[in-house]
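Coordinate analysis (summary)
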Amino acid sequence: MFRNIRNNITQQINNLNYAIQSYNLNQLKAALDEANRRFWLSEIVLAEYLTISNTLPAMTRPLQYEDYISIANTYIEILQSELSYLQDAYMGYTKFSQRAINQLYNNQGCFTPTQVIYKKNGQLLTVSNVLSVVGYTQKAIETIGVKIDGKYNIALLVLNTINLALNNRRQDKPLNKALHLTNDVLLEVTKKVIDDERVGQVISGTSLLFDLTIDFLMKE
């Protein structure tokens, strides 16, 4: 499976580089559209711009050719980072558990609601528990009142793949950058559960499930 993912990423990098060198705007747009379909990169690139730079093109004017070049180069950087991860260069730095990835996205059987997928100190985490946390997280994001864009939008996409996977609907593993951002959102929501009375009322009694789910997703 990982070989196929590496090949797909390498192909997308090559396609984007070729499109950049072609000086053909239509070809460049087509390459970006293809990368978006495969890897949700538009939202991840937006989050990159918002968090680490001030180079986001003004939304009040049409994008120029140079904007598309800049965006394509950002896509390439993200894909190269992902490729390095898959080649074990950064395995020690990932927050998202490879074991959890294998259970969620490489499962060969069928999940059942009562199936235990994680144990810690005698506490059991079932498929139904994780699905509850996914639903609670989505409700908490709405309750907190955050704008649904950037990393929150990415997290909602990833949470949807987890939901579908645990409901035995085949899903491809999201990019690791998307998984990392999802971890960040889960940690923020957990903090809000403790600090925000409004959120606590929405997801009352689920703090233990949050803790177990976060351990499941982040610890080997």
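Keep in mind the model is a prediction, meaning the values are calculated, not measured. (Residues numbered from 1 in each chain as written. Predicted model: local features only at pLDDT ≥ 70, side-chain atom pairs only at ≥ 80, totals over all residues. Heavy atoms only, no water.)

1. Thoughts on the environment of Arg 99
Within the secondary structure, Arg 99 is located in helix H5 (residues 98-105). For Arg 99, a relative accessible area of 25% gives the class partly exposed. In sequence terms Arg 99 and Leu 217 are 118 residues apart; their C-alpha atoms lie 8.3 Å from each other. (Helix = DSSP H or I, 4+ residues; strand = E, 2+ residues; numbered from the N terminus. Buried < 20%, exposed > 50% of the residue type's maximum accessible area, 1.4 Å probe, protein only.)

2. Here's the deal with the pairing of strand S2 (residues 123-126)
Bridging between strand S1 (residues 116-120) and S2 involves 4 bridges; their strand directions are antiparallel. In the sheet register, Lys 119 faces S2, and the bridge partner there is Leu 124. Counted between consecutive antiparallel strands, the loop separating S1 from S2 contains 2 residues, among which Asn 121 sits at a positive phi close to 50 degrees. (Pairing = 2+ DSSP bridges.)

3. Section: the confidence of the model for the protein chain
Within the protein chain, residue pLDDT values average 76, and 72% of them lie at 70 or more. In the model, residues 50-59 has pLDDT below 50 throughout and makes 8 contacts with residues more than four positions away in sequence or in other chains. Across residues 89-94, where pLDDT falls below 50, the model places 7 contacts with residues more than four positions away in sequence or in other chains. (pLDDT = per-residue confidence, 0-100. Contact = heavy atoms within 4.5 Å.)

4. Description of helix H2 (residues 25-39)
For H2, built from 15 residues, the straight-helix expectation of 21 Å at 1.5 Å per residue is met to within 8% by its first-to-last C-alpha distance of 21 Å. For H2, the complete set of buried residues consists of Leu 28, Ala 31, Leu 32, Ala 35 and Phe 39. Along H2, the residues classed as buried sweep out an arc of 95 degrees about the axis, all on the same side. Turned more than 90 degrees away from the buried face of H2, the exposed residues are Asn 26 and Arg 37. The residue sitting at the N-terminus of H2 and contributing the capping side-chain oxygen is Asn 24; that oxygen lies 3.0 Å from the backbone nitrogen of Asn 26. (Expected span 1.5 Å × (residues − 1). Arc of directions from axis to C-beta. Polar contact = N/O pair within 3.5 Å; in protein donor to acceptor, adjacent residues only side chain to side chain.)

5. Some details on H5
Of all the positions in H5, only Gln 98, Ala 100, Ile 101, Leu 104 and Tyr 105 are classed as buried. Buried residues in H5, looked at end-on, bunch into an arc of 155 degrees, giving them a common side. The backbone nitrogen of Arg 99 has a side-chain oxygen 3.2 Å away, supplied by the residue at the start of H5, namely Ser 97.

6. Here we look at empty space enclosed by the protein
Sizing a probe to match a water molecule and rolling it over the atoms shows the empty space that remains. Scanning all chains against the criterion turns up 1 cavity of 30 Å³ or more. In this structure, the largest cavity occupies an estimated 40 Å³ of space. What lines the largest cavity is Val 130, Val 133, Val 134, Leu 159, Ile 162, Leu 186, Thr 213 and Leu 217. Of all elements in the fold, only helix H6 (127-144), helix H7 (150-166) and helix H10 (207-218) reach the threshold of two or more residues within the lining of the largest cavity. Counting residues per element, the lining of the largest cavity draws most heavily on H6, which supplies 3 residues. When grouped by side-chain class, the residues that make up the lining of the largest cavity number 7 nonpolar, 1 polar and no charged. (1 Å grid on protein atoms, 1.4 Å probe; cavity = no way out; pocket = protein on both sides within 12 Å on 5 of 7 lines; lining within 4 Å. Points joined across faces, edges and corners; volume = space filled by probe spheres on them. Nonpolar A, V, L, I, M, F, W, Y, C, P; charged D, E, K, R; others polar.)

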